[in-house]
Amino acid sequence: MLNISISKLEQARKNPQVFAASLSEIPKGFGGSGSFNGTFKSYIGKFHDDNENKEKYNRQLQDAYKLKFVENLKNNKRAEKYCKAFANYTDYMLEHGFGLDNFFTRINLKLLSDVLLGGNSPILSSSDTRNMAFSIEENPSSWQHELKYPILQKYLADKYYKCELDKVEIGVFNINSCQFELKVFNSIEIEEAFEEARNVLGEVSRIMKL
């Protein structure tokens with residue numbers, strides 16, 4: 001059984017041959033809480049645990065960036081951008097009554113008889129009337145055209161929120177614009193994404209067996 005992280009779907013889509021070859025390589029380490037993005041996420045968690053003190057966490061986030069990263073013009077500007085985004089994020093969450101449900105849920109989706117989609121979902125959040133799943137992106141490209149988002153919308157509606165398909169908004173929180181970008185994919189878009197993902201990963205599986 002081939003187990004592929006949903007976050008790697010676009011790599012497989014762009015070049016199944018190269019992606020199949022990469023699966024046999026030893027994976028390299030990746031950035032976590034030591035990154036700008038990871039630090040931002042850790043302060044999201046603090047805010048949701050104690051949302052009456054958002055100003056305090058904004059100040060702490062500024063201090064955290066100063067402590068973790070060398071002070072230079074590039075890092076200072078980037079930290080300023082992330083702190084502004086944090087202020088907008090917390091304002092939006094309070095204004096719309098959103099709480100943090102989970103930083104992620106594990107994905108376990110049998111896409112083909114010999115291919116599982118795994119990995120983690122985006123951040124999960126809900127209010128009394130809305131459910132949303134979003135990733136934190138500093139430079140999001142045309143994420144609306146990626147296969148994972150419609151697939152995740154259906155998976156999370158079915159398995160996590162247990163609600164109708166159109167009751168899950170999915171997308172990104174854009175650090176550069178300090179805005180949420182959310183979309184609700186329709187059933188046709190979702191089915192087309194599943195079909196293409198099956199074709200792409202079916203080809204990866206075929207290459208792996210050669």
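Cut-offs and rules
Residues numbered from 1 in each chain as written. Predicted model: local features only at pLDDT ≥ 70, side-chain atom pairs only at ≥ 80, totals over all residues. Heavy atoms only, no water. Helix = DSSP H or I, 4+ residues; strand = E, 2+ residues; numbered from the N terminus. Expected span 1.5 Å × (residues − 1). Contact = heavy atoms within 4.5 Å. Polar contact = N/O pair within 3.5 Å; in protein donor to acceptor, adjacent residues only side chain to side chain. pLDDT = per-residue confidence, 0-100. Pairing = 2+ DSSP bridges. Axes fitted to C-alpha atoms, helices over the stretch in contact; angles between N-to-C directions.

Chemist: Describe in detail helix α7 (residues 187–209), supporting the description with residues and values.
Modeler: In a regular helix each residue adds 1.5 Å, so 23 residues correspond to 33 Å; α7 covers 33 Å between its end C-alpha atoms and thus fits that length. Of the surrounding elements, those touching the buried residues of α7 are β1 (2–5), α1 (9–14), α2 (16–22), β3 (109–112), β4 (115–118) and α6 (148–160). Here α7 starts with a cap whose side-chain oxygen sits 3.1 Å from the backbone nitrogen of isoleucine 188, and that cap is asparagine 186.

Chemist: Can you tell me about the confidence of the model for the protein chain, naming the residues and giving the values?
Modeler: Any region with low pLDDT has predicted coordinates that should not be read closely. Averaged over all residues, the pLDDT of the protein chain equals 93, while 95% of them reach at least 70. Across residues 28–33, where pLDDT falls below 50, the model places 4 contacts with residues more than four positions away in sequence or in other chains.

Chemist: So what's going on with the sheet that holds strand β2 (residues 99–102)? Which residues, and what values?
Modeler: Within the open sheet, the 5 strands sit side by side as β2-β5-β6-β7-β8. Their pairing is mixed. Across the chains shown, the open sheet's two edge strands, defined by having one partner strand only, are β2 and β8 (179–183). Going across the sheet, the axis of each strand differs from the next one's by a mean of 35°, ignoring polarity. Relative to strand β5 (residues 123–126), β2 is paired through 3 bridges, and the arrangement is antiparallel. Of the residues in β5, the one forming a bridge with glycine 99 is serine 126.

Chemist: Give me the lowdown on the side chain of threonine 39, citing residues and values where you can.
Modeler: Here threonine 39 shows up in helix α3 (residues 36–49). In terms of polar contacts, threonine 39 uses its side chain to reach the backbone carbonyl oxygen of serine 35, at 2.8 Å.

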